[in-house]
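# Structural characterization, general
The chain contents come next:
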Amino acid sequence: MTARIRPDLESIPAYTPGRSHPGAVKLASNETTHGPLPTVAKVIAEAAELANRYPDNQSSELRAAIAEFHGVGVANIAVGCGSVALCQELVQITCDAPTDEVMFAWRSFEAYPIVTQVGNARAVQVPLTEGLAHDFDAMAAAITEHTRLIFVCNPNNPTGTAVGRAEVVRFLDAVPEHILVVLDEAYYEYVRLADRPDGVEIRRNRPNVLVLRTFSKAYGLAGLRVGYAVGDPEVITALLKVHIPFSVNRLAQAAAMASLEAREELLDRTDRTVAERDRMRTALLAAGYRVVPSETNFLWLELGSRSGEFAEASAEAGVLLRPYGSDGVRVTAGDPHENDLLLAFATDPEITGRFLA
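This report concerns the structure included in the present document. (Residues numbered from 1 in each chain as written. Predicted model: local features only at pLDDT ≥ 70, side-chain atom pairs only at ≥ 80, totals over all residues. Heavy atoms only, no water.)

### Observations concerning helix H10 (residues 263-286)
Taking 1.5 Å of rise per residue, 24 residues should cover 34 Å, and H10 covers 35 Å from first to last C-alpha, within 8% of that figure. Of all the residues in H10, the buried ones are Arg-263, Leu-266, Leu-267, Arg-269, Thr-270, Thr-273, Val-274, Glu-276, Arg-277, Met-280 and Leu-284. Buried-residue contacts for H10 involve helix H2 (60-70), helix H9 (250-261), strand E9 (298-301), strand E12 (328-332) and helix H12 (336-346). Positioned one or two residues after H10, Gly-288 has a phi angle of 110 degrees, which is positive. (Helix = DSSP H or I, 4+ residues; strand = E, 2+ residues; numbered from the N terminus. Expected span 1.5 Å × (residues − 1). Buried < 20%, exposed > 50% of the residue type's maximum accessible area, 1.4 Å probe, protein only. Contact = heavy atoms within 4.5 Å.)

As structure tokens, then:
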């Protein structure tokens, strides 16, 4: 007889990462193709020499560096093993009954429904607009007495769409002050909107708003897993209480601090990525694909029920993409030669005739 395990876990899907295969071009996981800068790599190597010692459980130096960067107090900063770990911890600190609700747009970051169910709460999914952006009017209307937490992934993963500052503020004004709203800004550095919303600034006079950022994307540290939250001290204190001890490792903390110091050089890379993203979109639109404007380092191809088949055909051609059920396919903007391989496949008349007919 095996030990008793929560029966509802059978219905929780495991998080599915983007595929990898030796020799294939991987445009499935929204990683940057650039490795750490030499200065950052040196710091990582030096930190590895102390791998026999536990890391700072409070991430004190890193929290202080992030706080200084954003012009807030250390008490406003929490660090996690990637921002996804913080997502789960946010459910833990806001929900304590099966009737508690966590709201988010759909389709959005696929970890949201998973962490919600793991936290024994109820997921409320609000469909995106026809333009695949957040429908803030519908989300405001869906708030109930049971709403405890709202995730706003902006820019949205996997569609790449972003909502401007005015619309974000309008939505926040409509949310009751006792509900925690999380602005998940994992792709903030790629946004080029004239009305770009900066969650850290927006939340300064809003205690019920918390912002998530990550070092995984523009900073190129996806393999080290480090993200952070900027929020009200009471919320941050609660996060620190449910934080898994030592889950942000020594190398991650050192690399994140070094990356902040080299921020300007690292973020220069985002301009090149954005240029590639836009070049890819132009070519795909010309070939007949429906591709909404993106403010991230990836594109969303609306292929409906053909999404899985398209991704499999691309994999056979040596390029790995990320299908999402019967909704669409997410394509990361990689190096120019990698993107050229994807475009050669996707714009081939045989492929367009097969998937766009």
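### Re the sheet that holds strand E2 (residues 77-80)
On the basis of which strands lie adjacent, the open sheet formed by 7 strands has the order E2-E8-E7-E6-E5-E3-E4 and mixed pairing. Only two strands of the sheet have a single partner each, and these edge strands are E2 and strand E4 (122-127). Within the sheet, the average angular offset between the axes of one strand and its neighbour, ignoring direction, is 25 degrees. Bridging between strand E6 (residues 180-184) and strand E7 (residues 209-214) involves 4 bridges; their strand directions are parallel. Along E7, the bridge assignment pairs Asp-184 with Leu-212. Of the strands in this sheet, strand E5 (147-153), E6 and E7 touch helix H6 (residues 165-174), which is tilted by about 165 degrees from E6. (Pairing = 2+ DSSP bridges. Axes fitted to C-alpha atoms, helices over the stretch in contact; angles between N-to-C directions.)

### Quick word on the pattern of salt bridges
Evaluated as defined, the whole model comprises 20 salt bridges. A salt bridge links Arg-148 to Asp-100, with the shortest nitrogen-to-oxygen separation between them at 3.2 Å. Residue Arg-148 is found in strand E5, and its partner Asp-100 is found in the loop between helix H3 (83-94) and strand E3 (101-106); the two are separated by 48 residues along the sequence. Given the relative accessible area of 26%, Arg-148 is considered partly exposed. A salt bridge links Glu-167 to Arg-170, with the shortest nitrogen-to-oxygen separation between them at 2.8 Å. (Salt bridge = Lys/Arg side-chain N within 4 Å of Asp/Glu carboxyl O.)

### Side note on the side chain of Thr-214
One can find Thr-214 in strand E7. You can call Thr-214 buried: its relative accessible area is 4%. Here the side chain of Thr-214 touches Ser-216 through a polar contact of 3.0 Å, landing on its backbone nitrogen. Apart from the residues within four sequence positions on either side, Thr-214 is in contact with Ser-83, Ala-186, Tyr-219, Val-226 and Gly-227. (Polar contact = N/O pair within 3.5 Å; in protein donor to acceptor, adjacent residues only side chain to side chain.)

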